[in-house]
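Spelled out from the first residue to the last, the chains are:
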Amino acid sequence: MPPDPPICRLPEQWEPWEAILDKAMRERLQLAIKQDITDEEMRTSDNWRSEVRQLPTLPVQDLTSEVLLRRAHHTLTFIMHFYIHTLPPTAPVVIPASIGIPLLKVSTHLQLPPIATYSDTVLYNWELKKAPSASERETEPEWGLDLQNLKSQDLFTGTRDEEEFFLSSARIELRGVEALELMRASMDEMFVGDDIAIRRITSYLTRLAGVVQALTGLLMEVRKGCNPDVFYHRVRPWFCGQDSDPGERKWTFEGIAGCGDDLEEPTDLSGPSAGQSALIHALDIFLITKDADIYAKTPPCLPSTPICQSPSLA
């Protein structure tokens with residue numbers, strides 16, 4: 001989880017991506033599998049997809065920082081999911097080179113799959129409702145931000161249900177910063193191994209139990225703002241991957257052969273999951289839960305995500 005809110009827009013050079021994403025959200029594009037979709041809604045989606053195909057294939061070499069690369073991956077994957085999931089269910093899935101080629105290049109830099117991930121929907125998709133004042137900063141909990149002062153940057157449906165689903169995970173990640181620090185401090189004391197270290201470890205583990213309890217509470221609160229029926233039928237289909245495609249279609253990236261950058265057709269197009277959270281993996285491994293042994297085979301797909309920093313526990 002980034003320690004500060006991620007940027008909400010790319011610089012002017014990549015404004016065409018941001019503008020076409022804004023238009024998709026503003027026009028409230030509808031899922032092609034929506035049962036009562038109207039002819040007008042289908043025409044709106046078709047016109048939007050035509051604009052995507054007409055976009056220039058923008059260069060990515062000037063995306064020189066992880067901050068910019070993360071926003072580019074987020075923006076391009078959201079555009080791609082809007083594009084694919086508004087296609088008629090029987091239409092072939094061909095991702096236009098205008099978004100597909102830059103996405104493949106950005107994904108290579110970040111070592112992420114070219115599809116929306118937990119990083120795109122949660123870790124790099126939040127901002128503050130309002131900036132805290134100096135006095136409010138002084139009263140913030142030591143483990144981070146006011147968790148009720150968050151909002152999502154971009155949404156497929158614009159519904160509270162979707163936003164609360166994403167924000168519930170974001171709150172867990174931010175609250176979990178203290179857990180990461182406690183686990184690290186405990187490991188450091190294990191190398192010392194004297195009586196003082198044992199007392200410190202006991203204290204850290206007691207605090208860790210309280211954090212885990214708080215994380216559980218945050219998880220259970222998701223139902224307060226996210227209706228399961230709305231989520232499964234109106235929200236979740238937007239970020240499904242190729243393996244969940246209702247027509248079992250292959251997703252093809254246009255223009256790979258002619259771009260000359262050694263790009264290959266991707267094989268990992270599974271979509272986002274909270275199982276990609278490095279925090280949850282770390283807790284399972286540290287606490288040796290029954291699922292901890294599976295992580296050697298299925299590591300989180302967030303290799304370059306920095307760990308939030310919190311005040312020293314010494």
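Residues numbered from 1 in each chain as written. Predicted model: local features only at pLDDT ≥ 70, side-chain atom pairs only at ≥ 80, totals over all residues. Heavy atoms only, no water.

## Considering the confidence of the model for the protein
Confidence along the protein averages 88 in pLDDT terms, with 88% of residues attaining 70 or more. Long-range and interchain partners of residues 295-314, a stretch whose pLDDT sits below 50, account for 50 contacts in this model, where long-range means more than four residues apart. (pLDDT = per-residue confidence, 0-100. Contact = heavy atoms within 4.5 Å.)

## Here we look at the packing of aromatic side chains
Evaluated as defined, the whole model comprises ten aromatic pairs. Arranged with centres 5.1 Å apart and planes meeting at 75°, the rings of F231 and Y232 form a pair that is edge-to-face. In this structure F231 comes out as buried when scored by relative accessible area, which is 7%. The exposure class of Y232 is exposed, given its relative accessible area of 51%. (Phe/Tyr/Trp six-rings, centres within 6.5 Å; stacked < 30°, edge-to-face > 60°. Buried < 20%, exposed > 50% of the residue type's maximum accessible area, 1.4 Å probe, protein only.)

## Digging into the layout of surface pockets
By volume, the largest pocket amounts to about 910 Å³. Of all the secondary structure elements, the ones that give two or more residues to the lining of the largest pocket are α5 (118-123), α7 (160-175), α9 (195-220), α10 (222-225), α11 (228-235) and α12 (278-287). For the lining of the largest pocket, the element with the most residues is α7, which contributes six residues. Residues of the lining of the largest pocket, tallied by class, amount to 20 nonpolar, eleven polar and five charged. (1 Å grid on protein atoms, 1.4 Å probe; cavity = no way out; pocket = protein on both sides within 12 Å on 5 of 7 lines; lining within 4 Å. Points joined across faces, edges and corners; volume = space filled by probe spheres on them. Helix = DSSP H or I, 4+ residues; strand = E, 2+ residues; numbered from the N terminus. Nonpolar A, V, L, I, M, F, W, Y, C, P; charged D, E, K, R; others polar.)

## Quick look at helix α8 (residues 177-192)
Over its 16 residues, α8 runs 24 Å from end to end, which matches the ideal 22 Å to within 8%, given 1.5 Å per residue. Residues V177, E178, A179, E181, L182, M183, A185, S186 and E189 constitute the buried set of α8. Check the buried side of α8 and you find it contacts α7, α9 and α12. G193 sits one or two residues past α8 and shows a positive phi near 75°. (Expected span 1.5 Å × (residues − 1).)

## Details of the environment of R199
Secondary-structure assignment places R199 in helix α9. The exposure class assigned to R199 is exposed, which follows from its relative accessible area of 55%. The spacing of R199 and E189 is ten residues in sequence and 9.5 Å in space, taken between C-alpha atoms.

## A word on unusual backbone geometry
Although it is not a glycine, R28 sits at a positive phi angle of roughly 50°. Of note, R28 is situated in the loop between α1 (15-26) and α2 (39-54).

## Structural notes on α9
In this model, α9 (26 residues) spans 38 Å end to end at C-alpha, consistent with the 38 Å of a helix rising 1.5 Å per residue. The set of residues buried in α9 consists of A197, I201, Y204, L208, V211, L215 and L218. Buried-residue contacts for α9 involve α7, α8, α10 and α12. Two to three positions downstream of the cap, the backbone nitrogen of I196 sits 3.3 Å from a side-chain oxygen, assigning the N-cap of α9 to D194. (Polar contact = N/O pair within 3.5 Å; in protein donor to acceptor, adjacent residues only side chain to side chain.)

## Overview of the nonpolar core
Counting 78 residues, the largest nonpolar core has W17, W48, L63, M80 and F82 as its most contacted members. Ranked by residue count, the leading element in this core is helix α3 (residues 66-85), at ten residues. (Core = buried A, V, L, I, M, F, W, Y, C linked by side-chain atoms within 4.5 Å.)

## Describing the packing of α7 against α9
Contact geometry of α7 with α9 gives a least axis separation of 9 Å together with a crossing angle of 170°. Classed by the angle they form, the pair α7 and α9 counts as roughly antiparallel. Between α7 and α9, the contacting residues are R171, I172 and R175 on the first element and V211, A214, L215, L218 and L219 on the second. Of the residues in the contact of α7 with α9, the class split is six nonpolar, no polar and two charged. (Axes fitted to C-alpha atoms, helices over the stretch in contact; angles between N-to-C directions. Parallel < 35°, antiparallel > 145°, perpendicular 65-115°, else oblique.)

## Some thoughts on the pattern of salt bridges
Under the defined criterion, the tally for this structure stands at 14 salt bridges. Across the pair R207 and E178 runs a salt bridge, and its minimum N-O distance is 3.3 Å. Of this pair, R207 sits in helix α9 while E178 is found in helix α8, placing the two residues 29 residues apart along the sequence. Residue E178 is classed as buried on the basis of its relative accessible area of 9%. As a salt-bridge pair, E181 and R184 come within 2.6 Å of each other at their nearest N and O atoms. In this pair, E181 and R184 both sit in helix α8, three residues apart, roughly one turn of the helix. Taking the relative accessible area as the measure of exposure, E181 reaches 7% and is therefore buried. On the basis of relative accessible area, R184 is assigned to the partly exposed category, the value being 44%. If you follow the salt bridges from partner to partner, you end up with R9, E15 and D22 in one network. (Salt bridge = Lys/Arg side-chain N within 4 Å of Asp/Glu carboxyl O.)

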